[in-house]
Amino acid sequence: QVQLLESGGGLVQAGGSLRLSCAASGIRLSMYEMFWYRQAPGKEREFVAKISNPGATRYADAVKGRFTMSRDNGKSSVYLQMNSLSPEDTAVYYCQATARMGPGNYWGQGTQVTVSE
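All values reported here derive from a predicted model rather than from experimental measurement.

What counts, and where the lines are drawn
- All chains use their own residue numbering, which begins from 1 and follows the written sequence.
- Local features in this predicted model are restricted to residues whose pLDDT is 70 or higher, and side-chain atom pairs enter the listing and the counts only when it is 80 or higher, whereas totals over whole chains, interfaces and linings include all residues.
- Only hydrogens and water are removed before side-chain values are computed, so all heavy atoms of the structure are retained for them.
- For two strands to be treated as a pair, DSSP must find no fewer than two bridges joining them.
- A run of DSSP states H or I qualifies as a helix once it reaches four residues; a run of E qualifies as a strand once it reaches two. Both are numbered from the N-terminal end.
- With axes taken as lines fitted to C-alpha atoms, and helix axes fitted only over the stretch in contact, angles between N-to-C directions fall between 0 and 180 degrees.
- We call a set of buried Ala, Val, Leu, Ile, Met, Phe, Trp, Tyr and Cys residues a nonpolar core when their side-chain atoms join them within 4.5 Å.
- In this scheme, a residue with accessible area under 20% of its type's maximum is buried, one over 50% is exposed, and one in between is partly exposed, where area comes from a 1.4 Å probe on protein chains only.
- In this analysis, two residues are considered to be in contact whenever any of their non-hydrogen atoms come within 4.5 Å of each other.
- For the purposes of this analysis, a disulfide is any pair of cysteine sulfur atoms at a distance within 2.5 Å.
- What counts as a ring pair is set by centres within 6.5 Å for rings of Phe, Tyr and Trp (its six-membered ring), and what kind of pair is set by the plane angle: stacked under 30 degrees, edge-to-face over 60, tilted for all other angles.
- Whenever two N or O atoms come within 3.5 Å, that pair is a polar contact, provided that in protein one can donate a hydrogen and the other can accept it, and provided that, for residues adjacent in sequence, both atoms are side-chain atoms.
- The term salt bridge refers to a pairing of a side-chain nitrogen on Lys or Arg with a carboxyl oxygen on Asp or Glu at a separation within 4 Å.

Q: So what's going on with the sheet that holds strand S1 (residues 3-7)? Which residues, and what values?
A: On the basis of which strands lie adjacent, the open sheet formed by 4 strands has the order S1-S3-S8-S7 and antiparallel pairing. Strands with a single pairing partner mark the edges of an open sheet, and in this sheet they are S1 and strand S7 (67-72). Each neighbouring strand pair of the sheet contributes to a mean axis angle of 15°, computed without reference to strand direction. Of the strand pairs in this sheet, strand S3 (residues 18-25) and strand S8 (residues 77-82) are connected by 6 bridges, and their pairing is antiparallel.

Q: Before we move on, can you summarise the nonpolar core with the specific residues and values?
A: Among the nonpolar cores identified, the biggest contains 34 residues, and Met34, Trp36, Met69, Leu80, Met82 and Tyr93 are the most heavily contacted of them. Leave out the neighbours within four places in its chain, and tyrosine 93 touches Glu6, Leu20, Trp36, Tyr37, Arg38, Val48, Phe67, Leu80, Met82, Gly110, Thr111 and Val113.

Q: Now, about the pairing of S1: what can you tell me, with residues and values included?
A: The side chains of a regular strand alternate, residue by residue, between the two faces of the sheet. Along S1, the buried face is formed by Leu4 and Glu6; none of Gln3, Leu5 and Ser7, which line the opposite face, is buried. With 5 bridges joining them, S1 and S3 adopt antiparallel strand pairing. Residue pairing for S3: leucine 4 is matched across the bridge by alanine 24.

Q: Would you mind going over the state of the cysteines in detail, with residue names and values included?
A: Counted under the stated rule, the structure contains 1 disulfide. Across a sulfur-sulfur distance of 2.1 Å, cysteine 22 and cysteine 95 are joined as a disulfide pair. Disulfide cysteine 22 to cysteine 95: torsion about the S-S bond roughly -80°, handedness left-handed. In this pair, cysteine 22 is assigned in strand S3 and cysteine 95 in strand S9 (residues 91-99), connecting sequence segments 73 residues apart. Each member of the pair, cysteine 22 as well as cysteine 95, carries the same accessibility label: buried.

Q: Hey, could you go over the packing of aromatic side chains for me, with residue numbers and the actual values?
A: A ring pair, where both rings are aromatic, is described by two values, the distance of the centres and the angle of the planes. Tallied over the entire structure, the rule returns 6 aromatic pairs. Between the aromatic rings of tyrosine 37 and phenylalanine 47, the centroid separation amounts to 5.9 Å while the plane-to-plane angle is 80°, which identifies the pairing as edge-to-face. Of this pair, tyrosine 37 sits in strand S4 (residues 32-39) while phenylalanine 47 is found in strand S5 (residues 46-51), placing the two residues 10 residues apart along the sequence. Relative to tryptophan 107, the ring of tyrosine 94 has its centre 6.4 Å away and its plane inclined at 80°; by these criteria the two rings are edge-to-face. Of the two residues, tyrosine 94 sits in strand S9 while tryptophan 107 sits in strand S10 (residues 105-107), which places them 13 residues apart along the sequence.

Q: Could you give an account of the environment of asparagine 53, naming the residues involved and the relevant values?
A: In this fold, asparagine 53 is placed in the loop between S5 and strand S6 (57-59). Classification of asparagine 53 as partly exposed rests on a relative accessible area of 32%. The spacing of asparagine 53 and glycine 16 is 37 residues in sequence and 29 Å in space, taken between C-alpha atoms. Aside from chain neighbours lying at most four places away, what touches asparagine 53 is Ser30, Arg71 and Asn73. Side chain to side chain, asparagine 53 and asparagine 73 meet in a polar contact 2.7 Å long.

Q: Can you explain the pattern of salt bridges? Please cite residues and give values.
A: Under the criterion given, the structure shown has 5 salt bridges. With a shortest N-O distance of 2.9 Å, aspartate 89 and arginine 38 are connected by a salt bridge. Residue aspartate 89 is found in the loop between S8 and S9, and its partner arginine 38 is found in strand S4; the two are separated by 51 residues along the sequence. By relative accessible area, which is 5% here, arginine 38 ends up buried. Aspartate 89 is paired through a salt bridge with arginine 66; the nearest N and O atoms lie 2.8 Å apart. Here aspartate 89, found in the loop between S8 and S9, pairs with arginine 66, found in the loop between S6 and S7; they are 23 residues apart in sequence, far enough to count as distant. Across the pair, exposure class does not vary: aspartate 89 and arginine 66 are buried alike.

Structure, rendered in structure tokens:
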């Protein structure tokens, strides 16, 4: 069974940092492009970051220069290092895996990030 488990969310003050993790099971991670999305209160779910294999990345304009996505295929995990956090970053953050070939598409359950003033 495919499972994506996000962790690392929590409450942090503005200007602080968090590192989110997404542990994947049931897939060969090297065969998947990995994404982070987020959904803030009252907003649609939005793209945050993408990483290909081995490591080409793409970021939403809102997080460029502050967030860094990485992957460790050996640990079957991807990460999102979030620095200089702002209240506008408050959201539920979701991990997604999309197969490089074929229709595979999987989502994690989300982890809450709350940034205080």
